[in-house]
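Results of the structural survey
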Amino acid sequence: MIELTATAYTIPTDGPEADGTLEWTSTTMVLVEARADGRTGIGWTYGPAAIAGIVTSELGSVVSEDVQGSHEAMCRAVRNAGRPGICSMAISAVDCALWDLRARTLGLPLHRLLGAVRTEVPVYGSGGFTTYDAARTREQLGHWAGDLGIPRVKIKIGESWGSDESRDLRRLELAREIIGGGVELYADANGAYSAKQAIRVAHRAADVDLRWFEEPVTSDDLPGLREVRRAVECEVAAGEYGYDLPYFTRIIDAVDCPQADVTRVGGITEFLRVAGLARAHGKDLSAHCAPHLHAAAMAAIPNARHIEWFHDHVRIESMLFDGALSPKGGCISPREDEPGLGLRFKHADAERYRVR
């Protein structure tokens, strides 16, 4: 019998943060612990604290040691509550915890249980918030590209719903100046632009060699994504708000590289299905945020592109877990010396952030 617990923790950011369409000063992580026979598996998601209640009220009674069977049971259990959104995030955290528990029970690193095809996965530094001034941007990008040797970095653009294109372009120019010519430059508009506006910005950014344009328009605007993709030279990416496999069947031809988030899409079980779909269409898959939860799953797929080394989540996961990974050189490697995810949650350190 599996016992589930879920706890929410809200951690203040280290400064005001914003992207093209949202501002925030804290991040909430919901941790799920799955216990059986004296062992504990962990999984988590980033979202409202209400997710914890869904785990205990809707999902706790339907899970078992059969991980994929539990996934199907959880999806059926939330039919009337609605699968997309926070229900899918709850399922994701539980599914990841069940996989971690299974691997710990077998005494295997999780990526080995899933069938590893690689020992390391590329990452890209991600942050560069629109609230950052030049000095903070220089500090962060210089750390990634210089100190850590990560050859890919991404900043946020589309400030205030795309209302300040000139500043967006100046920030892209600053980013290129900071990282030099040997590092790939990515940008994320978080759906702030219209299609024509996104195309204009991409063309004007040609001088900085923009390689990756994430959510140039909202990911709900599939015709707009297709229009931008046809018109620009850089790769167009989206998918972080995909909550199930059918979403990716709709978006797959609108992007060059789909993105999936193991903390939203339905956990490792559904994430691997999305990877298979992408491969069937001849495309790589990029992992959105939560890098320590993606490392094992991405090591198990042949078409893994990279994992987002996202500032907020890296900071939280490094603070609250023993066993955090290093991206030095531009890749992370799942732990080989520990079963499961290879992480241990630091309950005492996290207690001050617990949502009561």
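Residues numbered from 1 in each chain as written. Predicted model: local features only at pLDDT ≥ 70, side-chain atom pairs only at ≥ 80, totals over all residues. Heavy atoms only, no water.

1. What to know about the nonpolar core
What counts here: We call a set of buried residues a nonpolar core when its members are Ala, Val, Leu, Ile, Met, Phe, Trp, Tyr or Cys and they connect through side-chain atoms within 4.5 Å of each other. Note on exposure labels: buried denotes an accessible area under 20% of the residue type's maximum, exposed denotes more than 50%, and partly exposed covers the range between, all computed with a 1.4 Å probe on protein chains only. A helix here means a DSSP run of H or I that spans at least four residues, while a strand means a run of E at least two residues long, and both kinds are numbered starting from the N terminus. The criterion used for residue contact is that any of the two residues' heavy atoms lie within 4.5 Å.
With 116 residues, the main nonpolar core has Met29, Trp44, Leu172 and Phe271 as its most contacted residues. Of the residues forming this core, the biggest block, 12 residues, is contributed by helix H3 (residues 86-106). Not counting chain neighbours up to four residues away, the residues in contact with Met29 comprise Thr7, Ala8, Tyr9, Trp44, Thr45, Tyr46, Ile316, Leu320, Phe321 and Phe345.

2. Description of the sheet that holds strand S1 (residues 3-18)
As a reminder, the rule being used: Criterion used throughout: strands pair if DSSP finds at least two bridges between them. Orientation is described by lines fitted to C-alpha atoms, with helices fitted over the stretch in contact, and by angles between N-to-C directions that extend from 0 to 180 degrees.
If you trace the 3 strands from one edge of the open sheet to the other, you get S1-S2-S3, paired in antiparallel fashion. Both edges of this open sheet fall to S1 and strand S3 (39-46), since each of them pairs with a single strand only. For this sheet, the mean inter-axis angle between neighbouring strands, taken without regard to orientation, is 20 degrees. Looking at chain direction, strand S2 (residues 23-36) and S3 are connected through 8 bridges and run antiparallel. Within the sheet, the bridge partner assigned to Arg35 lies in S3 and is Thr40. Relative to the sheet, helix H1 (residues 50-59) contacts S1, S2 and S3, its axis offset from that of S1 by approximately 165 degrees.

3. Brief notes about the pairing of S1
As paired strands, S1 and S2 are joined by 12 bridges and run antiparallel to one another. In the strand pairing of S2, Ala8 is matched with Val30. Adjacent in sequence and paired antiparallel, S1 and S2 are bridged by 4 residues.

4. Looking at the environment of Val63
Mapped onto the elements, Val63 comes out in the loop between H1 and helix H2 (67-77). Counting along the chain gives 167 residues from Val63 to Arg230, while the straight-line C-alpha distance between them is 44 Å. With residues up to four places along the chain from it excluded, the contact list for Val63 reads Ile2, Leu4, Ser70, Met74, Val94 and Leu98.

5. Digging into the side chain of Thr137
Tracing the sequence through the fold places Thr137 in helix H5 (residues 134-147). Those residues within four positions of Thr137 in sequence are excluded, and the remaining contacts are Tyr132, Gly142, Arg171, Leu174 and Ile178.

6. Here's the deal with the environment of Pro334
Considering the arrangement of structural elements, one finds Pro334 in the loop between strand S13 (331-332) and strand S14 (344-345). Beyond its immediate sequence surroundings of up to four residues, Pro334 is in contact with His111, Thr119, Ala295, Ala296 and Ala299.

7. Looking at the packing of aromatic side chains
Each pair of aromatic rings is reported with the distance of its centres and the angle of its planes. Our working rule: Only Phe, Tyr and Trp rings are paired, with Trp represented by its six-membered ring, and only when their centres lie within 6.5 Å; those with planes under 30 degrees apart are stacked, over 60 edge-to-face, the remainder tilted.
Taken as a whole and judged by the stated rule, the model has 11 aromatic pairs. Residues Trp24 and Phe129 carry aromatic rings whose centres are separated by 5.5 Å and whose planes lie at 90 degrees to one another, so their mutual orientation is edge-to-face. A residue pair is termed long-range when its members are at least 10 positions apart, and Trp24 in strand S2 and Phe129 in the loop between strand S4 (121-126) and H5 qualify at 105 residues. Taken together, a centroid distance of 6.3 Å and an interplanar angle of 50 degrees make the contact between Tyr124 and Trp212 tilted. On the criterion of sequence distance, the pair formed by Tyr124 in strand S4 and Trp212 in strand S7 (residues 210-214) is long-range, its members being 88 residues apart. Neither Tyr124 nor Trp212 differs from the other in exposure class; each is buried. Among the aromatic side chains, those forming a connected cluster through ring pairs are Tyr9, Trp44, Phe321 and Phe345.

8. Quick word on the pattern of salt bridges
Between side chains of opposite charge, a pair can form as their charged atoms come close. Rule in force here: Salt bridge, as used here: a side-chain nitrogen of Lys or Arg that lies within 4 Å of a carboxyl oxygen of Asp or Glu.
As enumerated under the stated definition, the model contains 30 salt bridges in all. Of the charged contacts in the structure, one is a salt bridge between Asp209 and Arg211, with a shortest N-O distance of 3.1 Å. Where Glu240 meets Arg264, a salt bridge forms, and the shortest distance between an N and an O atom there is 4.0 Å. Separated by 24 residues along the polypeptide, Glu240 in the loop between strand S8 (235-238) and helix H10 (245-251) and Arg264 in the loop between strand S9 (257-260) and helix H11 (267-280) bring together distant segments of the chain. One exposure class covers both Glu240 and Arg264, and it is buried. Counted as one network, the salt bridges with shared partners bring together Lys154, Lys156, Asp188, Glu214 and Glu308.

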